[in-house]
Amino acid sequence: MIELVFVACFGLAQNEQRACEERSLIYTDISPMACMMGAQPELAKWVETHPNWTVANWKCRYLNTAQRKA
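Residues numbered from 1 in each chain as written. Predicted model: local features only at pLDDT ≥ 70, side-chain atom pairs only at ≥ 80, totals over all residues. Heavy atoms only, no water.

K.L.:
Lay out helix α1 (residues 32-48) with the relevant residues and their values.
P.N.:
Every α-helical turn comprises 3.6 residues, leaving residues that sit three or four positions apart pointing alike. In this model, α1 (17 residues) spans 24 Å end to end at C-alpha, consistent with the 24 Å of a helix rising 1.5 Å per residue. Approximately 50° is the largest bend angle found in α1, and it occurs at glycine 38, with the proline proline 41 only one to four residues beyond. Among the residues making up α1, those that are buried are Cys35, Ala39, Leu43 and Trp46. Residues of α1 that are buried sit in contact with β1 (2-10), β2 (19-27) and β3 (53-62). (Helix = DSSP H or I, 4+ residues; strand = E, 2+ residues; numbered from the N terminus. Expected span 1.5 Å × (residues − 1). Bend = angle between axes of the 7 residues up to and from the residue. Buried < 20%, exposed > 50% of the residue type's maximum accessible area, 1.4 Å probe, protein only. Contact = heavy atoms within 4.5 Å.)

In structure tokens:
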């Protein structure tokens with residue numbers, strides 16, 4: 001499984017106090033390269049459905065199921 005991990009920040013203005021948190025989207029049927037190629041359009045869709053949030057950074061990685069909370 002591949003995980004698209006990104007940091008989402010609430011608040012649009014630069015001088016605004018921004019709260020940021022790590023989020024992720026999990027894919028079971030794509031390769032790491034496909035994740036890298038499709039990440040920006042996928043994150044753009046996420047931002048469209050989450051007003052006032054911006055994506056600060058992102059990366060694709062293999063999902064480490066041992067570290068995920070149940």
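Let's pick the thread back up.
K.L.:
Hey, could you go over the packing of aromatic side chains for me, with residue numbers and the actual values?
P.N.:
For the structure on display, the rule yields three aromatic pairs. On the basis of an interplanar angle of 65° and a centroid distance of 5.3 Å, the ring pair of phenylalanine 10 and tryptophan 53 is categorised as edge-to-face. In this pair, phenylalanine 10 is assigned in strand β1 and tryptophan 53 in strand β3, connecting sequence segments 43 residues apart. Its relative accessible area of 15% is what places tryptophan 53 among the buried residues. (Phe/Tyr/Trp six-rings, centres within 6.5 Å; stacked < 30°, edge-to-face > 60°.)

K.L.:
Before we move on, can you summarise the state of the cysteines with the specific residues and values?
P.N.:
This structure, assessed with the given rule, holds two disulfides. Shown here is the disulfide that connects cysteine 35 with cysteine 60, its sulfur atoms set 2.0 Å apart. For the disulfide bridge between cysteine 35 and cysteine 60, the dihedral angle about the S-S bond is near -80°, and by the sign convention the bridge is left-handed. With cysteine 35 in helix α1 and cysteine 60 in strand β3, this residue pair connects regions lying 25 residues apart in the sequence. Residue classification places cysteine 35 among the buried residues on the basis of a relative accessible area of 3%. According to the relative accessible area criterion, cysteine 60 is buried, its value standing at 17%. Once the bonded cysteines of the chain are numbered in order along the sequence, the disulfide links fall as 1-2, 3-4. (Disulfide = S-S within 2.5 Å.)

K.L.:
I'd like to hear about the pattern of salt bridges, residue by residue, with values.
P.N.:
Side chains bearing opposite charge may pair, as long as their charged atoms lie close to each other. The tally for this structure, following the rule as stated, stands at three salt bridges. Across the pair arginine 61 and glutamate 3 runs a salt bridge, and its minimum N-O distance is 3.1 Å. A residue pair is termed long-range when its members are at least 10 positions apart, and arginine 61 in strand β3 and glutamate 3 in strand β1 qualify at 58 residues. Between arginine 23 and glutamate 21 there is a salt bridge, with the nearest N and O atoms lying 2.7 Å from each other. For arginine 23, a relative accessible area of 26% corresponds to the partly exposed category. The class of glutamate 21 is partly exposed, set by a relative accessible area of 36%. (Salt bridge = Lys/Arg side-chain N within 4 Å of Asp/Glu carboxyl O.)

Honestly, it's all geometry; don't read function into it.
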